[in-house]
Amino acid sequence: VQLVESGGGLVQPGGSLRLSCAASGFTFSSYGLNWYRQAPGKERELVAAISSTGGATQYAGSVKGRFTISRDNAKNTVYLQMNSLKREDTAVYYCNVYRGIWYWGQGTQVTVSS
């Protein structure tokens, strides 16, 4: 199993970023996936989750209405569209999947700063 995140970077408050997580090594369309984030000095937290078909999603209260999780099962990729970014969104963002054990990507840094 391999998960590779991309799309992070430096963005001003109020800006947008789209993160991608490319997956391989398993039947992507059979599994739900999640986006987590970890800010400096804080525990890792669940940001968003999506079901195997994409028909069900859930969000942390702090990002609801600003972030959108989606997936393209033909491309084995899950996305996180982040709008109206705030300084407190600064973190390393990870995607993960549970297949008996948790698999994590290496993460992508998102920094929201002026």
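This one's a predicted model, so the numbers in the text were calculated from it and none came from an experiment. (Residues numbered from 1 in each chain as written. Predicted model: local features only at pLDDT ≥ 70, side-chain atom pairs only at ≥ 80, totals over all residues. Heavy atoms only, no water.)

S.K.: With reference to specific residues and values, describe the state of the cysteines.
M.R.: Following the criterion strictly, the structure yields 1 disulfide and no others. Sulfur-sulfur distance for the disulfide between Cys21 and Cys95 comes to 1.9 Å. The S-S bond linking Cys21 to Cys95 shows a torsion near 55 degrees; that makes this disulfide right-handed. Pair noted here: Cys21 is in strand S3 (residues 17–24) and Cys95 is in strand S9 (residues 91–98), with a separation of 74 residues, a long-range link. (Disulfide = S-S within 2.5 Å. Helix = DSSP H or I, 4+ residues; strand = E, 2+ residues; numbered from the N terminus.)

S.K.: For the packing of aromatic side chains, give the residues involved together with the corresponding values.
M.R.: Following the criterion strictly, the structure yields 5 aromatic pairs and no others. Residues Tyr98 and Trp102 carry aromatic rings whose centres are separated by 4.9 Å and whose planes lie at 55 degrees to one another, so their mutual orientation is tilted. For Trp102, a relative accessible area of 45% gives the class partly exposed. Joined through ring pairs, the aromatic side chains of Phe26, Phe28 and Tyr31 make up one cluster. A cation over an aromatic ring shows up here: Arg18 above the ring of Tyr79, its NZ or CZ 3.9 Å from the ring centre. The ring of Phe28 has Arg71 lying over it, and the distance from NZ or CZ to the ring centre is 4.4 Å. (Phe/Tyr/Trp six-rings, centres within 6.5 Å; stacked < 30°, edge-to-face > 60°. Buried < 20%, exposed > 50% of the residue type's maximum accessible area, 1.4 Å probe, protein only. Lys NZ or Arg CZ within 6 Å of the ring centre and 35° of its normal.)

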